[in-house]
Amino acid sequence: MAEVDENQFSLMSLEEELTCSICLSPFDCPVTIPCGHNFCQDCLLTTWKNSYSCPQCRTVFATKPELKKNTVLSTVVNTFNSRSNKGKAIQDIEESKEKEKEDVILCDTCMEAEASQTCLTCMVSYCEEHLRPHRENPNFRLHQLSQPVRDLLSRICPDHHKLMDLFCSTHGCPICSHCLQQTHKGCPFISPEEQRNLKESDLRGNLSVLDGKITKNENVLSLMTDMQLKLKDSATNRRKALVADYQQMRDMLVREEQDALFAVDQELESGQTKVSVWKKKFADNIDSLSKAKVDIHSLLSQSQSLAFLQSSFDMPKSANIEPHIPKINLDSKKVTASQAFAAALKKHLTDILKQPIETRQLTPQPELNIATVGSDKKEVPASGPASSGSQSESDSQKQKRKPRSHSPGRPPILPFFQPVPSYQYRGVNPLQFGHDPQWFMGAPRLPRPHSPGSQPKEGPKKRPQKNKKGNQSTEDKMGKKNLAHSTENLLDFSGKDQHGGLTPVAESTQKPGTVDIPPNLTSSEKRSDLLKYGTILTLDPKTAHKRIVLSEGLTVASVSDEHADYPDCPERFSVCSQVLTSKGFSRGRHYWEVRLSSNNFVGIGLAYSSVDRKGPTSRLGRNAQSWCVEWFNVKLSAWFNSSETVLENPNSKRVGVLLDCDNGTATFYNVADRAYPFHSFVFPFAEAVYPAFWIFSSGSSVTLCKLQL
């Protein structure tokens, strides 16, 4: 047996060598690649997508290597697994036997057989054989028998050595008859059985309360599940609406482009026709001049003077015309206007789209109604008064607008519109300006909007009110402030999406830190706003895995194939190539930035100091004590408690982290000219959290940046 245990122990010492460095589990169908490293076949194929390289030494192969199963290593792994399972099974059997022995109550007389009953009068447990006198002898008729009792001494009064067959209600403890006459004299008492019944009744009442609470919690959970589905449906509907709106805008721009190109083509055709006519005219002039030149040479060749003098010659009319280049170009009024409009539209869009969506200037347009469709067309404000008598109209409203011409057979297009805020048009598609959807197909083409800086003719433009200092009024600011975009606003929690479209966004009443949905990640932030929370960090050498090499004042961590000569300590990671910083945070806001040498097999995250350091679950994000964003090949994922969320990979070279301990959030930014958030964790702080890093690829490194404005 000792030899088996010794062999098993020697095999257990090879556990680290029999573990896949990708999944951190024993090998499953191990394969060997040309560089000599072994991996699970499925794990290796997962890492091979666009290129073929060793995840451990980073050796690159020109073609996909042929993978063959390592039969020797597979046999060793199977032996290791079987012996591990066998040893665990034997240990479980022995523990169950010991537990069964402990549960058996033996006869106090023979100390061999299992006790059948306990006599509370004799205070002795008997087996069936030694219990016969109590069953057959009438002298034992009054003795009280019960089920076997393990600890009989607990039923004996320590003061009077009598059976405690009573229960004191005042002091809540069992007592004997002598205690009732002395220490507990005057106290109310009942039998233990009655006290048990009362306690059972109380516990059953507690059970009914718990059942009610469980039912209520289940109902709330069901409602929350329904809310999730409604959120998803509402988000889907909004996505469809956005796709439709942007598709209509693309269609309008395509039609505008086709109109502009068609105008250029027409002008080119007209110009080429004019050039052809002029070319023919100048070619005819050259022919007539050449013919006159031939006639002159013919006259000059006459040898007879009389014939020479009698001959006549007239200069052609083309000789009196001075040749010039006609002015022919493409600068017609239509082409010039189209090009100017395209340039102005491009500048207008550039100025709008380069701003964050929350700060873009929103200029609502007045709603228009098409009075008639056909040859006689009028445009009147939708909100204008209508009466049976004479109508009061301004001169601009009385003027008819000439619609832009378009090629036959092509549907009319709308002019480019300015964005309409949701608080101005509830439930209205901004592209339709309040019109019926069929207006796109049957209405005439409206003229282009007024040029930037000029006033529209439909009516005076309403300007935001200003206070004495010239600042925008509070009401106008609140209108913009309410344009918050967050997941909570995708659904009206009353259960009704009344207008089926854009609804005004109410200001959130939830306190910071109580929202379970990550904050809005659609807008960038100024880097200077984050740097005011900047903190100085250094890496903790006591936590660094032996493959991690620290340099440059403990601000750079890189991976080496050679293990460093670090002393063994409980804080050091022994399985995963990870390292923590020496400083943790439990309150306030803190910001730091990390520069990545490559976006491959690198992780940036946070961890409690209580995170596992030795087992496979010590990898960041694979437990409930750490959070991590991880680059694995070309995939970027967020990990927490072994749950993966795949993110869009911004290919960051510099990553910023803003930790808000008071609100329980950690936001990760792609840092360039501005800070662009790409993921946020929301979690309660049970203890101080430490910045943490995982680096796997040999030669990769992370650097804690010096923060400067």
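Everything quoted here is computed from the prediction, not taken from an experiment.

Engineer: What exactly am I supposed to notice about the sheet that holds strand S26 (residues 701-704) here?
Structural biologist: In a beta sheet, neighbouring strands are held together by backbone hydrogen bonds and run either parallel or antiparallel to one another. Taken in spatial order, the 7 strands of this open sheet run S14-S15-S26-S17-S22-S23-S24, and their pairing is antiparallel. The sheet terminates laterally at strand S14 (548-551) and strand S24 (675-682), the two strands that pair on one side only. Averaged over all adjacent pairs, the angle separating strand axes in this sheet is 25°, with direction ignored.

Engineer: Looking at this structure, how should I read helix H8 (residues 333-353)?
Structural biologist: Since the α-helix packs 3.6 residues into each turn, any two residues three or four apart lie on the same face. Spanning 21 residues, H8 covers 30 Å between terminal C-alpha atoms, matching the ideal 30 Å at 1.5 Å per step. Residues of H8 that are buried: Val335, Ser338, Phe341, Leu345 and Ile352. Projection of H8 onto a plane perpendicular to its axis shows the buried side chains occupying an angular sector of 125°, all on one side. Seen from the open side of H8, the exposed residues pointing more than 90 degrees away from its buried face are Lys333, Gln339, Lys346 and Lys347. In this structure, the buried side of H8 is in contact with helix H6 (192-300).

Engineer: Explain the pattern of salt bridges to me, please; I cannot follow it from the model alone.
Structural biologist: Once their charged atoms are close, side chains differing in charge can pair, the charge on each being opposite to the other. Here the structure, examined in full by the defined rule, presents 15 salt bridges. Linking aspartate 351 and lysine 354 is a salt bridge whose minimum nitrogen-to-oxygen distance equals 3.9 Å. Judged by its relative accessible area of 29%, aspartate 351 is partly exposed. A single network of salt bridges, built from pairs that share partners, joins Glu129, Arg132 and Glu136.

Engineer: Would you mind showing me how to read unusual backbone geometry here?
Structural biologist: Excluding glycine, residues mostly carry a negative phi; peptide bonds, for their part, are mostly trans. Here arginine 58, not a glycine, exhibits a phi torsion of approximately 65°, which is positive. Looking at the element boundaries, arginine 58 is found in the loop between strand S3 (52-53) and strand S4 (60-61). We classify arginine 58 as partly exposed; its relative accessible area is 24%. One non-glycine residue, asparagine 633, adopts positive backbone phi at about 60°. One can find asparagine 633 in the loop between strand S19 (626-632) and strand S20 (635-640).

Cut-offs applied
Sequence order sets the numbering: in each chain, residues are counted from 1 along the sequence as written. Reporting of local features is limited, given that this is a predicted model, to residues whose pLDDT is at least 70; pairs of side-chain atoms are given and counted only at 80 or more, and all residues count toward the totals for whole chains, interfaces and linings. No hydrogens and no water enter the side-chain calculation; it runs on all heavy atoms of the structure. A pair of strands is considered paired only if DSSP assigns at least 2 bridges between the two. Secondary structure elements follow DSSP: runs of H or I of four or more residues count as helices, runs of E of two or more count as strands, with numbering from the N terminus. Every angle, taken between N-to-C directions, lies between 0 and 180 degrees, and every axis is a line fitted to C-alpha atoms, over only the stretch in contact when it is a helix. For a helix, the expected span equals 1.5 Å multiplied by the residue count minus one. Here the term buried applies to any residue with accessible area under 20% of the maximum for its type, exposed to any over 50%, and partly exposed to those in between, with areas from a 1.4 Å probe on protein chains only. Arc, as used here, means the arc of the directions from the helix axis to the C-beta atoms. In what follows, a contact means two residues having at least one pair of non-hydrogen atoms within 4.5 Å. Whenever Lys or Arg places a side-chain nitrogen within 4 Å of a carboxyl oxygen from Asp or Glu, that contact is recorded as a salt bridge.

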